[in-house]
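A closer look at the structure
The chain contents come next:
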Amino acid sequence: MKMPYLLALSLSLGSPFLYAKPQPQGQLMIVGGALASSNKAVYQQFIQSAGGKDKARIVVIPAASSQPVKYFRQFQQDLALYDVSEQQVQLVPIAVKDDKSTAEDESLWRDNAADTKLAAQVQQATAVWFLGGDQNHLVDRLKPDGKNSVVLDAVWQLYQSGGIVGGTSAGAAIMSDSMIASGSSWSALTRAVAAADTQINESTDEPLQLRQGLGFFPAGVIDQHFDRRARFGRLIVAVAEQSSASAVGYGVDEDSALFYNAQNRQFQALGSGGVTVVDLRHAKKITNPLGFQMENIRLSYLQGGDKYDIQTQQLLPHPDKVKTTGAEYGDHPHPVMSGVFSANTRLKDFITFELTDNKTARQAVSYLHQGNGLVFGLTFSKDEKTTGYWQYLDGLKDNSSAHQVRLDIVPGRIQIDLKPQS
């Protein structure tokens, strides 16, 4: 089979030259953080893609971590649970922070991405894993001054030749070309995006900041810890900052993975949570002095082995799932989610149980605010493009999916009077 090629300028062990760069033939395991040791779906697929438990040769790059050795050893131990020996998992000593659990000063490893011996170590591997922490450290170390280090070139060569590149948390954030460096949903919706070179004060409510990532995942912006840290709003704003050709984002839940196959440009949702696709290709942004306003955002949610075709932007439900559209179970005409006393407070439950699997509701409404003042109304609705799917698992457990749910975001003002009556 002929391999497609692109003409590109690259650095190979320190020497720039023009060469025909092959399109990646490998896979990506993009984990949203907090990966449980017991997550068989993610670990077993990663090991299989690395060559299997007997042939896998895995290198770990810990540059993002504040305790690079401690968490490398934890990853070694997790892989050992799946019959991968510790000898098959090697550390690539690139780090910024000193690990207080060791006698060595790991901060002295900060410039090691220029070491050709470490690049050769990566070239001999079948898989690369990026630990979590601060994604800015990873980019700064592997791509100093915006240029690929020899170690990063070696990771690219592994990916292009059919190997798997994986990472969790910060190791997921660096996968896209445009990387989210900081920010919360509230700050993203209410304030302008900070310039890439802005110094961020971590003690304050961080503004949304975008910078260049490592670019392994070509289909749009990646965000992580998506469900646990309520990053839905910041991903939408981050995607809105992109060109129309890449106006799609992917939010990966904790203990979950977006498993991407570069050959067919499809991904699968693995693990206990799922992946949210935010599609702004046909959305309309409206100027509003109060804050971010946009109409016709399209959302899809995948979990439990669902697949997604990036070229066609189509959800391919797990074969065991049944279509709920036209056969909805719920019967709640006016679903509203406003806080912890609301049912189905997680995004995926809200848009599935309260909307796509609800026969009498055409829309479901939620609100984001911080008391008196600014409020964002989030109106989720379904139309002829919207479909839902459901799968029974065990007892009260199930998997639900949704495709092409519409979202409109409108800012406004709110006044709450909570004074007790005398």
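All of the points below concern the structure found in this document. (Residues numbered from 1 in each chain as written. Predicted model: local features only at pLDDT ≥ 70, side-chain atom pairs only at ≥ 80, totals over all residues. Heavy atoms only, no water.)

**Considerations on the sheet that holds strand β4 (residues 58–61)**
Hydrogen bonds between backbone atoms are what pair the strands of a sheet, whose relative direction is either parallel or antiparallel. If you walk across this open sheet you meet the 9 strands as β5-β4-β6-β7-β3-β12-β13-β17-β18, and the pairing is mixed. Sheet topology places β5 (89–91) and β18 (314–316) at the edges, where each strand pairs with a single neighbour. Here the average twist between neighbouring strands, direction ignored, is 20°. (Pairing = 2+ DSSP bridges. Helix = DSSP H or I, 4+ residues; strand = E, 2+ residues; numbered from the N terminus. Axes fitted to C-alpha atoms, helices over the stretch in contact; angles between N-to-C directions.)

**So, the nonpolar core**
If you look at the biggest cluster of nonpolar residues, it comprises 54 residues, and the most contacted ones within it are Phe 130, Phe 216, Phe 217, Tyr 250, Leu 258 and Phe 267. Per-element tally for this core: the top contributor is helix α5 (residues 150–160), with 8 residues. With 35 residues, the next largest nonpolar core counts Phe 232, Val 237, Leu 280 and Ile 351 among its residues. (Core = buried A, V, L, I, M, F, W, Y, C linked by side-chain atoms within 4.5 Å. Buried < 20%, exposed > 50% of the residue type's maximum accessible area, 1.4 Å probe, protein only.)

**Regarding the packing of helix α1 (residues 40–49) against helix α2 (residues 68–80)**
Packing of α1 against α2 brings their axes to within 10 Å, and their N-to-C directions diverge by 90°. The angle between α1 and α2 falls in the class roughly perpendicular. Here Tyr 43, Phe 46 and Ile 47 of α1 lie close against α2, whose contacting residues are Phe 75, Asp 78 and Leu 79. (Parallel < 35°, antiparallel > 145°, perpendicular 65-115°, else oblique. Contact = heavy atoms within 4.5 Å.)

**Description of the environment of Arg 231**
Counting through the fold element by element, Arg 231 comes out in the loop between β10 (221–223) and α8 (232–240). Once residues within four sequence positions are removed from consideration, Arg 231 is found in contact with Ser 185, Asp 223, Gln 224, His 225 and Phe 226.

**Some words on the pattern of salt bridges**
Scanning the model with the defined rule gives 11 salt bridges in all. For Lys 100, the salt bridge identified is with Asp 98, shortest N-O distance 3.3 Å. Relative accessible area serves as the criterion here: at 71%, Lys 100 is assigned to the exposed category. When salt bridges with common partners are traced through the structure, they connect Arg 346, Lys 348 and Asp 349 into a single cluster. (Salt bridge = Lys/Arg side-chain N within 4 Å of Asp/Glu carboxyl O.)

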